[in-house]
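# Structural description and commentary
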Amino acid sequence: MEALQLFNKNETYNGFYVMLMVNRLQMLYFFLIMPRFLIHSYMIWVIIAVGILSQLNILLLSKWFLTRFSSDGYNGFVQLFGKKLVRLLSFIGLFFILLKLFVIMLGFSEMVQIFMFPATDSNWLIFFILLSCLYVAWKGVEKTIRFVVISFFCTFWMFLFFAFFFFPPIAQLSDLYPIIPMELSGDSWKGILLILSSFSGPEFLVFLGPWFKTNNKTFRYLSYGNALTVIEYVSLYMASLFYFGSNYLSKSPFPIVTMGRYFQNPVIERIDMVMLSLELFNIVFAGSIFLLLFYGASKIANGKVDKPPSRVGFLFSVFIILIGMILVNEWIWKADEKQVILLNLQILAGSLSYLVVPIIMIVAMKIKGVNKHETPKENG
Amino acid sequence: MRLRKKMAKKFSIIFIALWLTGCAPFTENNIIEELAPVTFLSLSKGDEGKIKISTILPPLSKEKKSVMTQEVSLIKEGLMDFNLNFYQEMKSGQMRMLIINEDLGKEGIMSVINVLLNDPDISLRIYLIIVKGNFEEYLENQLDKQENLDYSFYRMLKHYEEKNQGEISIVNLHEFKNLLYTPYSDPFLPVFKIENDAISYEGTALFQNDKLVEIITTFDDRIFQLLNNGHYLSVLPIPELEVVLGHVRSKTKVDINKSLSTMTYTVNIDSRIEEYRGEKQIFDPKDLEDLKKEIQSNLEKQTQVLVKKMQELNVDPLQLGIHTLKPFSKPMDEKKWIELFKKMDIKIDYQLNIEPLTDSNAKS
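Chain B is annotated in an unreviewed UniProt entry as Ger(X)C family spore germination protein of Psychrobacillus soli. Its UniProt record gives chain B a comment under Sequence similarities (unreviewed entry), which states: "Belongs to the GerABKC lipoprotein family." A UniProt comment under Subcellular location (unreviewed entry) is attached to chain B, and it reads "Membrane".

In structure tokens form, the structure reads like this:
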């Protein structure tokens with residue numbers, strides 16, 4: 001039997017792949033439920049503002065990608081932080097990866113259950129989705145990164161459909177009034193964090209550095225990905241304001257999918273089902289990336305980084321995740337009041353990781369006194 | 001070796017597929033021959049607060065159709081009872097219309113709307129209709145004569161919705177829900193009347209929140225179509241003046257003064273005279289001008305009465321309150337608006353633009 005080659009590095013991917021990955025990792029789950037938390041029309045400005053903040057993060061990330069630490073992968077981190085700290089950090093990272101994976105998977109399988117298979121136990125759906133993630137992840141990091149192209153082209157055009165809602169009789173300009181905040185409530189902070197958390201995702205690319213072929217154009221590609229996300233968020237949010245009006249928005253649990261149900265086509269009636277199924281490609285892509293990250297991080301945390309990846313080990317970690325997910329689904333996700341706790345936790349964790357990870361990288365580099373101009377990448 | 005591996009892969013896929021069908025986590029049986037995708041439900045008031053639900057079964061297959069009725073206290077309970085009575089299972093995915101009896105509408109239909117909204121199977125595009133008279137009886141009488149009764153009715157509604165042409169009020173679930181839940185607006189629905197085994201469009205039902213309070217008919221309804229729904233009418237007969245306006249297009253403009261006490265409602269109408277049986281010589285520009293003025297004042301008077309009625313009933317299907325919203329100011333409290341609306345002095349102003357029938361420069 002040949003050895004499982006999860007983390008092999010035979011080829012590197014250029015900026016185009018990085019762009020797709022930034023964009024798709026930002027369009028995972030939160031954008032589907034975001035409108036029901038944002039409600040007010042002035043949140044459009046907040047989305048744009050946070051998008052600009054995210055752009056700053058992207059700038060930091062692109063600086064990181066240009067250093068040799070990035071392309072060295074694990075060894076690069078060890079040089080920066082030292083072995084012990086890396087182990088500790090990857091242990092903490094496990095928590096962030098798990099939380100994100102859980103929220104995405106559980107949230108999405110709940111949606112699939114409600115709109116597509118109402119009679120099916122959601123645990124089965126989780127099982128099937130995770131099984132497809134496992135299949136993709138089994139092919140290794142290289143193939144998984146390549147999978148982003150499929151996931152991107154299956155999903156990115158969907159927001160264009162929502163232009164339908166920008167025309168009368170659905171759209172009335174008064175739905176967007178007042179366009180500046182007239183009074184701020186305590187919940188506004190939550191909205192900002194939610195948006196920030198939705199923008200999070202690209203920070204995980206830090207750990208995939210060895211597979212990227214980075215050069216001066218990387219920043220541009222990363223920015224394109226981020227800008228596309230801002231456009232998608234704003235257009236989807238505006239469409240939902242037009243469709244529901246801000247009063248009803250908070251009453252609709254899955255606003256974007258509900259809007260999808262309003263599309264009509266003489267051939268396919270339930271377009272929302274087709275869209276949800278295609279969105280699954282994106283979820284599977286993100287899921288498999290996170291499975292690989294989880295396995296990698298747990299290997300580092302266990303101090304077994306030098307050993308080759310084993311089939312049993314990888315399967316075992318996926319199995320643990322499956323069991324964990326089913327338990328969380330039964331105990332937490334199904335009860336709405338507990339689900340909110342998990343969502344809030346992810347909102348906090350997502351915003352935190354997105355803000356902190358790039359800064360830590362840059363600060364650590366500064367402390368080590370690395371200047372990127374002095375250390376051009378060899379294989380770049 | 002390789003070949004064997006490939007074979008093993010293929011077999012495992014087949015195995016998984018078989019295993020999936022055997023140990024199916026999908027518990028619903030959706031074999032098409034065993035389903036009855038109902039196209040409409042008709043709700044009316046039953047005894048002691050119950051609801052009478054009826055529909056035609058089987059909806060699709062070429063068997064003899066019959067009207068089924070259940071009296072239940074909950075709508076979904078009614079669907080369950082249909083299943084117990086009929087060999088096919090009811091599915092609501094193809095539901096196109098919900099027909100609500102006038103009496104039920106007067107009691108409020110919020111709960112009915114919420115049932116529909118909560119079921120992801122039911123399309124948000126289903127039409128809501130108010131019916132005056134006994135719809136079940138009409139179905140039973142007509143079913144023998146006209147087999148695809150429900151379908152042709154649906155096609156009629158769809159025809160008028162398509163281009164939003166405003167001949168009759170067509171409201172789907174999504175639109176109704178939005179009008180119901182948005183502040184400063186009240187929903188409205190089309191009303192159909194059953195008389196002598198025939199069903200015909202009667203007018204528009206105005207709702208205060210979810211309760212039917214008034215049905216506007218004939219000329220009032222025509223004006224309502226002009227003001228709100230579609231802003232277009234292919235014909236507008238004004239019997240008092242013995243004139244018919246054709247291809248009427250309207251543009252409305254609302255101005256509210258700063259103290260929010262007076263509203264000027266301007267309606268610009270482009271039209272042409274299609275029929276005239278009165279005394280005037282309408283080829284004479286002067287007479288035409290007179291007629292124009294008469295039509296204008298007639299429309300203003302009628303609209304004034306209609307709007308006054310809306311103010312008295314405290315319903316706002318025209319969404320007049322929305323015009324108080326400004327991009328840079330805090331929206332008014334809805335209760336405050338209702339108080340203002342009741343007292344508001346609403347001035348109606350029609351600007352009529354009728355295409356001359358002759359070249360107005362030519363000397364007669």
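## Things to note about the overall build of chain B
Secondary structure assignment for chain B yields ten helices and 14 strands. What you see for chain B is a C-alpha radius of gyration of 27 Å, clearly larger than the 21 Å of a compact globule of 364 residues, by over 25%. Seen through its C-alpha atoms, chain B measures out along the principal axes to roughly 95 × 60 × 55 Å. Buried positions account for 49% of the 364 residues belonging to chain B. If you take every contact in chain B between residues at least 6 apart in sequence, the share linking residues at least 24 apart comes to 62%. When the accessible surface of chain B is summed, it comes to about 19200 Å², and 51% of that surface belongs to carbon and sulfur atoms. Side-chain charges in chain B split into 47 positive and 55 negative, and the spacing between the mean points of these groups amounts to 10 Å.

## Looking at the sheet that holds strand β6 (residues 97-101) of chain B
Within a beta sheet, neighbouring strands are joined by backbone hydrogen bonds and run either parallel or antiparallel to one another. All names here are of chain B. The eight strands lie next to each other as β4-β3-β2-β6-β7-β8-β9-β10, forming an open sheet whose pairing is mixed. For this open sheet the edge positions go to β4 (66-72) and β10 (211-217), each flanked by a neighbour on one side alone. The sheet shows a mean angle of 30 degrees between the axes of neighbouring strands, direction not considered. Where helix α5 (residues 135-142) meets the sheet, its contacts fall on β2 (40-45), β3 (51-57), β4, β6, β7 (127-132), β8 (188-195) and β9 (198-208), and the angle it forms with β2 comes to roughly 135 degrees. Its contacts with the sheet place helix α9 (residues 285-313) against β9 and β10, and it is angled at close to 170 degrees to β10.

## Section: the packing of helix α8 (residues 218-227) of chain B against α9(B)
All names here are of chain B. Remark: α8 packs on α9, axes separated minimally by 10 Å, with the N-to-C direction vectors making an angle of 90 degrees. For the element pair α8 / α9, the angle class is roughly perpendicular. Facing F219, D220, I223, F224 and L227 of α8, the residues of α9 in contact are N298, L299, Q302, T303, L306, K309 and M310. Here the residues of the contact of α8 with α9 sort into seven nonpolar, three polar and two charged.

## Quick word on the packing of helix α5 (residues 74-81) of chain A against helix α6 (residues 83-115) of chain A
Packed helices, taken two at a time, are described by the angle their axes make and the gap between the axes. All names here are of chain A. Viewed as axis vectors pointing N to C, α5 and α6 meet at an angle of 115 degrees, and their least axial separation amounts to 7 Å. By the angle between their directions, the pair α5 and α6 is classed as roughly perpendicular. The way α5 lies across α6 gives a crossing that is right-handed. Contacts between α5 and α6 involve Y74, F77, V78 and F81 from the former and K83, L85, V86 and L89 from the latter. Classifying every residue of the contact of α5 with α6 gives seven nonpolar, no polar and one charged.

## Remarks on a nonpolar patch on the surface
Residues and elements named next belong to chain A. On the surface, L53, L56, L59, L352, L355, V356 and I360 cluster together into a nonpolar patch covering about 520 Å² of accessible area. Counting only elements with at least two residues in the nonpolar patch, the list comes to α3 (43-65) and α15 (336-368). Examining the composition of the nonpolar patch, we find that four residues originate from one element, α15, more than from any other. Mapped onto the fold, L59 is located in helix α3. You can call L59 partly exposed: its relative accessible area is 32%.

## Concerning the environment of S277(A)
All names here are of chain A. On the secondary structure map, S277 appears in helix α13 (residues 271-302). For S277, a relative accessible area of 31% translates into the label partly exposed. Once the C-alpha coordinates of S277 and I323 are considered, the two residues, 46 residues apart in sequence, prove to be 24 Å apart.

## Structural notes on the sheet that holds strand β14 (residues 345-354) of chain B
All names here are of chain B. The sheet built from four strands is open, its strands ordered β11-β12-β13-β14 with mixed pairing. Edge strands, defined here as strands with exactly one partner in the open sheet, are β11 (232-238) and β14. Here the strands of the sheet are splayed against their neighbours by 35 degrees on average, with no regard to which way each runs. Sheet topology places β11 next to strand β12 (residues 243-256); six bridges connect them, and they run antiparallel. Bridge assignment links I238 to a residue of β12, and that residue is V243.

## Considerations on the domain arrangement of chain B
Residue and element names in this part refer to chain B. The domain boundaries assigned to chain B delineate domain 1 (34-216) and domain 2 (231-364). For domain 1 versus domain 2, the separation of C-alpha centres amounts to 33 Å. Contacts between the two partners involve 15 residues from domain 1, matched on the other side by 21 residues from domain 2. Summing the contributions of domain 1 and of domain 2, the shared interface buries around 1500 Å²; its carbon and sulfur component is 60%.

## Comments concerning the interface of chain B and chain A
With 36 residues of chain B in contact, the opposing surface of chain A contributes 31 residues. Of the roughly 3000 Å² buried between chain B and chain A on both sides combined, carbon and sulfur atoms contribute 58%. Ionic pairing is found between R270(A) and D121(B), a salt bridge with its closest N-O pair at 3.8 Å. Among the elements of the structure, α1 (2-22) and α7 (173-181) of chain B are those that each provide at least two residues to the side of chain B that touches chain A.

## Concerning α8(B)
Of all the ten residues making up α8(B), nine are buried; the element is thus mostly covered by neighbouring parts of the structure. When α8(B) is considered as a whole, its buried residues turn out to be F219(B), D220(B), D221(B), R222(B), I223(B), F224(B), Q225(B), L226(B) and L227(B).

## Observations concerning the packing of aromatic side chains
By the definition in use, this model includes 45 aromatic pairs over all chains. Seen in terms of ring centroids, F95(A) and F96(A) are 5.5 Å apart; in terms of plane orientation they differ by 75 degrees. Their pairing is edge-to-face. Between F176(B) and F207(B), the ring centres sit 5.5 Å apart and the planes meet at 85 degrees, which makes this aromatic pair edge-to-face. Residue F176(B) is located in helix α7, and its partner F207(B) is located in strand β9; the two are separated by 31 residues in the primary sequence. With respect to burial, F176(B) and F207(B) carry one shared label: buried. Feature note: the residues W157(A), F161(A), F162(A), F164(A), F165(A), Y243(A), F244(A), Y248(A), Y262(A), F263(A) and Y181(B) constitute an aromatic cluster, connected by ring pairs.

## Here's the deal with a positive patch on the surface
A surface patch of positive charge is lined by K139(A), K143(A), K6(B), K9(B) and K10(B). In terms of residues, the positive patch owes the most to one element, α1(B), which gives three residues. The topology assignment puts K139(A) in the loop between α7 (122-138) and α8 (141-155).

## Digging into the pattern of salt bridges
Tallying each qualifying case throughout the model produces 21 salt bridges over all chains. Note that R24(A) is salt-bridged to E232(A), the shortest N-O span being 3.3 Å. Residue R24(A) is located in helix α1 (residues 15-26), and its partner E232(A) is located in helix α11 (residues 218-249); the two are separated by 208 residues in the primary sequence. Here R272(B) ties to E274(B) by a salt bridge, and the two come within 3.5 Å at their closest N and O atoms. Given the relative accessible area of 38%, E274(B) is considered partly exposed.

Rules used throughout
- Residues numbered from 1 in each chain as written.
- Chains lettered and ligands numbered in written order.
- Predicted model: local features only at pLDDT ≥ 70, side-chain atom pairs only at ≥ 80, totals over all residues.
- Heavy atoms only, no water.
- UniProt positions renumbered as here; feature names shortened; annotations may be inferred.
- Helix = DSSP H or I, 4+ residues; strand = E, 2+ residues; numbered from the N terminus.
- Rg over C-alpha atoms; globule rule 2.2 N^0.38 Å.
- Buried < 20%, exposed > 50% of the residue type's maximum accessible area, 1.4 Å probe, protein only.
- Contact = heavy atoms within 4.5 Å.
- Areas by Shrake-Rupley, 256 points an atom, 1.4 Å probe, with all protein chains shown as cover.
- Lys, Arg positive; Asp, Glu negative; His and termini not counted.
- Charge placed at Lys NZ, Arg CZ, Asp CG, Glu CD.
- Pairing = 2+ DSSP bridges.
- Axes fitted to C-alpha atoms, helices over the stretch in contact; angles between N-to-C directions.
- Parallel < 35°, antiparallel > 145°, perpendicular 65-115°, else oblique.
- Nonpolar A, V, L, I, M, F, W, Y, C, P; charged D, E, K, R; others polar.
- Left-handed = near helix turned anticlockwise from the far one by under 90°.
- Patch = residues over 30% accessible without salt bridge, like charges linked within 9 Å, V, L, I, M, F, W, Y side chains within 5 Å.
- Salt bridge = Lys/Arg side-chain N within 4 Å of Asp/Glu carboxyl O.
- Domains from an automatic or database assignment.
- Buried area = accessible area lost by both parts, 1.4 Å probe.
- Phe/Tyr/Trp six-rings, centres within 6.5 Å; stacked < 30°, edge-to-face > 60°.

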